[in-house]
Amino acid sequence: MNSLIGDAFRTLIPAVLLVIALSCSSSSRLEGHIYYRLNVNPSTLDPALITDVSGASIAAKLFNGLVKLNGDLEVIPDIAERWEVAKDGLKYRFFIRRGVTFHNGRKVNAMDFKFSFERVLNPKTRSPNTWVFDRVQGAKKFIEGKDREVSGFKIINDYAFEIILDRPFSPFLNMLTMTAAYVVPKEEVEREGYDFPSEPVGSGPFILKSWLPNRELLLKVNDRYFDRKPLIRGIVYRIIPEDLTAITEFELGNIDVIYLPASAYSTFKNDKSWSRNLISFKGLNTYYLGMNTSRPPFDNINLRRAISLAIDREKILRTLYEGRGRLAAGPVPDLLRKWEIKETLGYNPKEAKEIIKREGASGLKINMHVTADQEVVDLAEVVQSFLSEAGMNVNIKQLEWSAYKESINKGEPDMFWLSWWADYPDAENFLFPLFHSSNFGAAGNRTRYSNREVDLLIERGQHSINERERNSYYKRAEELIIRDTPWVFFWHRTDYLVRQPWIKDYTMYPIYTIDKGTEVGIKKGADH
Amino acid sequence: MKALPGDPVLNLIGERASPETIENIRKEIGADKGLAAQYMGYLGLLLRGNLGRSYYTNRDVLTDITLKFPNTLGLALAAMFIAVPAGILLGFMAAKRRGFIDKLIDTITISGLSVPVFWSAIIIMLIFSLKLRLFPPSGTGDIRFLILPAFVLSIPALASLARVTKTVIKDILTLPYIATAKAKGLSSLRVDIIHVFKNAIIPIVTIIGLDFGSYLNGAVVTETIFGWDGIGRFTMEGIIKRDYPVIMGCIIAGTVIFVIINLITDVIYHYLDPRIRLHGEEK
């Protein structure tokens, strides 16, 4: 027996040493490349189909639209070098830059935009983003199969393209910065068919070289890019599902910039060597506790207001969330609100208790649905204790994401926790989908809030071409929504990233498509 | 599966889509048809050797499974490569030695069985990747990436093998033929190998077959923590997103693999113990 063990050890030790020697060999980083982490594999890189953040941020580096956003959230030229909007707000004429080419070498022209936009509306594409273009003249008929083309997409000549709307629609130019409005080459879409979402061809500053699903994506610089060229040679996105693993990779220098999960925030903030490299960015989002306003008990406005008064949001933000956010006054994020909100509901447990008693709701049982995410469950328990102090019994039900989404879209729970992130930087994006009565359920209005006056104000805002007038409509709509309290408005989250010391000029923008990867650089002589 | 709450279309559309768009997508992926029609359609695909395409990525499910299976196979083989010799050796030692060594091995095996994989995975990663910098913490690739996940995955198999080996061998050691062999004057090593081990092998092979079969169906937690691109993660993501073609494909592939492993195990039984017959020969 002893000799058996001895033999085993004699063979094992050299084997272990060999493996260790192998593993200590030099790091396999590609020179001049930036390494990012994704927590999930993007489902698709086909701009018509993208709905997720990781897909959108990669697509921004592979594709271009007519227009794009800058860091100040203003619409600036992309492939269109300039544009004209008719006085009636119905016609948008875009003048396309000459010499812009797709990755396959072909020149981009007006025809490509018509093809790409009609493709989004074509039912065969299965695009969830048809709403981006459904206000274009003739779009509805095209979707229903009554017309073979969309009359509102007009080719004036090779380098001029016109879009005609049914009615003036103020957020339209902003919406054209979304991934759904990126241009794709017809010949590649048709040639690749099912493979286009995983082998996309665009015109952007980077070209997708390889994509190993669930492992990594490799982007290389497009040397023929028409605009400012990237300072790096490429980008590697590594897909690492587990936060702790990703943090370990970052600490080992294998990832250059990482989004900090809540669990790691205080560790990095309190570490002197890392805190200098912390980057914060104010997100265009609103976190809220939604209440189903279509049935008892929360069809009662007084009870909804009582719920809002009963919860000390400021304290939760300061303690549980370690101050990672700005308290929300209403649904519209502070960065997009061009008006002031005077009246908000603060924390007043005494008044909350009185209202609940007066409305005969003491001891009432309420169902609250949340996702199984630990951070959310912790928060739900805090809310539960605030409401129990106010005299209401909250029953928390955790559901995994798919089941959760179905339940809130159907309006099953009395109360739910959710957030809304901007698709484009316009207050309208936080009013129309979330509070207009035509958008119940999956379209965004999950509290089933309905107020005729708010509907009208939002519609007027959408169709108004005068900015001041528009803002006054939105202001009034927001005030009414705050008064009606379909949500408890929690906060607008501020997120943190940490970068390696050798990374320079990395900026995180509130809209994921702003970063085209052309600004970030690697310091010379950096040893990593 | 379809009785579970959750709708793939709702996951496809993101946070905002009109009812018409939802209906259209439902129609395009065939989710608007009745359950029976959907099932028949799927059987039709299967007969043609097609597992369909993922609702989300539009990729061919069979291609994805064949891409990921070698990774899962590699991880399972590596885990078994560690677990089998170490587990049997530990079990052998525990059976033969009383006292301290026996107790130590018992402690190791019980912890190996009861410590959850996500905990041991994280601790092992922190020690070997972050502190000692010996192995990369995550990724799919050559042997450097394989060591840590294989080691973590081998722990429970190693522990259960050690326990089974110990119990079986302890029983065998009390049997009369062992005493006879020793009385014949055979060396201790010869008794161990020819008389003890050979008779203990059947239950050991059964455990190896079961563990190996289940590893080949993917090890979700290990694969997720170490970012290993295997069948387990693929299946789990399919389930979370209600990507029915992916879930069905993985279940079918998993069943086939399990049946094959069981068949191989049964055949091995015959060679290890000639009393077990392959054919229904004469009685």
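Just so it is clear, the model here is predicted, and its values are computed rather than measured. (Residues numbered from 1 in each chain as written. Chains lettered and ligands numbered in written order. Predicted model: local features only at pLDDT ≥ 70, side-chain atom pairs only at ≥ 80, totals over all residues. Heavy atoms only, no water.)

A word on the domain arrangement of chain A. Interface size is commonly expressed as the accessible surface area that is lost when the partners come together. Residues and elements named next belong to chain A. We note that the domain assignment places domain 1 (24-62 + 204-276 + 500-528), domain 2 (64-201) and domain 3 (285-494) within chain A. Of the residues lining the interface, 28 residues belong to domain 1; the matching set on domain 2 comes to 31 residues. Together domain 1 and domain 2 conceal approximately 2,300 Å² of surface at their shared face, both sides included; 59% is due to carbon and sulfur atoms. The largest contributions to the domain 1 side of the interface with domain 2 come from Pro 47, Ala 48 and Phe 226, which together make up 26% of the buried area. Applying the counting rule to domain 1 against domain 2 returns two salt bridges. When the shortest N-O distance is used, the salt bridge between Asp 46 and Arg 119 registers 2.4 Å. Counting across the interface, domain 1 meets domain 2 through eleven residue pairs in polar contact (both at pLDDT 80 or more). (Domains from an automatic or database assignment. Contact = heavy atoms within 4.5 Å. Buried area = accessible area lost by both parts, 1.4 Å probe. Salt bridge = Lys/Arg side-chain N within 4 Å of Asp/Glu carboxyl O. Polar contact = N/O pair within 3.5 Å; in protein donor to acceptor, adjacent residues only side chain to side chain.)

With that settled, the discussion passes to the interface of chain A and chain B. Taken together, the contact between chain A and chain B spans 56 residues of the former and 55 residues of the latter. Contact between chain A and chain B buries roughly 5,200 Å² in total, counting both sides, with carbon and sulfur atoms accounting for 55%. Linking chain A with chain B are three salt bridges, by the criterion used here. Note that Asp 229 of chain B is salt-bridged to Arg 215 of chain A, the shortest N-O span being 3.3 Å. Viewed at the interface, chain B and chain A are joined by 15 residue pairs in polar contact (both at pLDDT 80 or more). Broken down by secondary-structure element, the contributors of at least two residues to the side of chain A that touches chain B are α1 (2-23), β10 (234-239), α7 (243-251), α14 (401-410) and α15 (432-435) of chain A. In terms of residues, the side of chain A that touches chain B owes the most to one element, α1 of chain A, which gives seven residues. Of the residues contributing to the side of chain A that touches chain B, the split by class is 26 nonpolar, 18 polar and twelve charged. (Helix = DSSP H or I, 4+ residues; strand = E, 2+ residues; numbered from the N terminus. Nonpolar A, V, L, I, M, F, W, Y, C, P; charged D, E, K, R; others polar.)

It is worth spelling out the sheet that holds strand β5 (residues 91-96) of chain A at this point. All names here are of chain A. Read from one edge to the other, the open sheet built from four strands follows the order β4-β5-β7-β6, with strand pairing classed as antiparallel. On the outer flanks of this sheet lie β4 (80-85) and β6 (153-157), each paired with one strand and no other. Adjacent strand axes in the sheet meet at a mean angle of 20° when their direction is disregarded. Here β4 pairs with β5 via five bridges, running antiparallel. The residue of β5 that forms the bridge with Val 85 is Tyr 92. (Pairing = 2+ DSSP bridges. Axes fitted to C-alpha atoms, helices over the stretch in contact; angles between N-to-C directions.)

This part covers unusual backbone geometry. In the segment running from Pro 296 of chain A into Pro 297 of chain A, the intervening peptide bond is cis, with an omega of 0°. Of note, Pro 297 of chain A is situated in the loop between β13 (285-291) and α10 (301-310). Positive phi is not limited to glycine here, since Arg 242 of chain B has a value of about 55°.

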